[in-house]
Structure formats: C-alpha cells, structure tokens
Amino acid sequence: MKILVLGVGNILFGDEGIGVHLCNYFKVNYKLYTQHQVDFIDGGTLAQSLIPVIVEYDEVLILDCVSVDGAKVGDVYHFSFTQIPNIITWAGSAHEVEMLQTLRLVEAMGDLPPVYIVGIVPYIIGEDTTFMLSQEILQGVKVMEQVVLDFFKKHEVKYEKIKNIDLQVIANHSFRGVDDL
C-alpha cells in the first residue's frame, strides 16, 4: 500500500502554512516502520498540479487549514473527504478552495483514492508575510499530531519519535527545506 501524507498551505502567511509545517515536522521528528510506502510531500499551494501525484497513491492524508463557521482559531477537525461536515466552509483562503476543487475533479475522473483530512482553523493574517505561528495553532497542532499518529496506527504503521524539533523552528526553515534539521 502506498500512503501519501500531503501538507498543504502557504508558508508565507503564518498559520496558513500549517499543513506544510506539520508534514515537515513528521519528516524530521519521526521514523516510520512499515511494509507500506509512506511519503511526506510538501504540496504548498499547488492544488491541481498535485493531481498526477495524488492518483498514484492508495490512500491520502491531507494536512491543511479549514474554515469553519463559528469555530475558534486552533480548533481541529478531521474527516473523510466523502463525509465533509456541513460546518466546513473551505473559504478561508484561495489554496483551500483550490484543494477542494482539485479533490472533486480527481473524484469526477474516478481516480480519487480514499482521502482523510486533518485541518485546523488558522489565524488569517491578510497580506503581511510571516513564518510565525499563532499560539492557538501551536496548541491545536498537538491534537493534529495525535490524529495523524492514530491514522498511522490504523494503517499498521509503527513509528518512533527520534527528534523533538519545535514546530516553530521547522516553520522558520520550511522555505529552504528541513532535511538538514
């Protein structure tokens, strides 16, 4: 089985890059033991450019931001793409809408593998660029981390935490890659 962990988001806008940062966090801090192929990919804001990648996998786990009516910054939601809760609006930023459209397009083509989404409500900063993550995101990401670890357990992927590099440190390095952390 081929599993894709896809981090999505714009790393230039603080919390909106959390999907990429969390994907990198797992790449740096965890070692996986499994018979499955598990790949961690920084999908950034590529959306439709990711179609050839997505269709190559048996299952996809997407890490991203979500917009939820009435939710607080840092609230975490996780769900199957086929069962998106009605409270999820996906309207927080352009990359979220594009990712949703991309998944719907792949689904319409009949090539969409099972997709599970782990999302967090970001603080939207507007036009200022920053790598700084809000305190609410740094707290909420602990829930996201556990949801991902539960996903691994469900798929018989054993793991070991081999480093404890802080998520903010990873966010500060995401634009140049984290392989040397």
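These numbers come from a predicted model, not from an experiment. (Residues numbered from 1 in each chain as written. Predicted model: local features only at pLDDT ≥ 70, side-chain atom pairs only at ≥ 80, totals over all residues. Heavy atoms only, no water.)

Engineer: What is the right way to read the overall build of the protein from this model?
Structural biologist: Along the backbone of the protein there are five helices and seven strands. When the helices and strands of the protein are listed from N to C terminus, the series reads β-α-β-β-α-β-β-α-β-α-β-α. In terms of overall size, the protein behaves like a compact globule, its C-alpha atoms giving a radius of gyration of 15 Å where 181 residues would be expected to give roughly 16 Å. Taking the principal axes of its C-alpha atoms as reference, the protein extends roughly 40 × 40 × 25 Å. The burial tally for the protein puts 50% of its 181 residues in the buried class. Put simply, 78% of the contacts in the protein that link residues at least 6 apart link residues at least 24 apart. (Helix = DSSP H or I, 4+ residues; strand = E, 2+ residues; numbered from the N terminus. Rg over C-alpha atoms; globule rule 2.2 N^0.38 Å. Buried < 20%, exposed > 50% of the residue type's maximum accessible area, 1.4 Å probe, protein only. Contact = heavy atoms within 4.5 Å.)

Engineer: In this structure, what is going on with the sheet that holds strand β1 (residues 2-8)? I would like to understand it.
Structural biologist: Sheets are built from strands that pair by backbone hydrogen bonding, the pairs being arranged parallel or antiparallel. Strand order in the open sheet made by the five strands is β3-β1-β4-β6-β5, with mixed pairing throughout. Looking at the sheet topology across the chains shown, the edges are occupied by β3 (37-44) and β5 (76-80). Neighbouring strand axes in the sheet, compared pairwise and without regard to direction, differ in orientation by 15 degrees on average. Here helix α4 (residues 135-154) sits on the sheet in contact with β1, β3, β4 (59-65), β5 and β6 (115-120), set at roughly 165 degrees to β6. (Pairing = 2+ DSSP bridges. Axes fitted to C-alpha atoms, helices over the stretch in contact; angles between N-to-C directions.)

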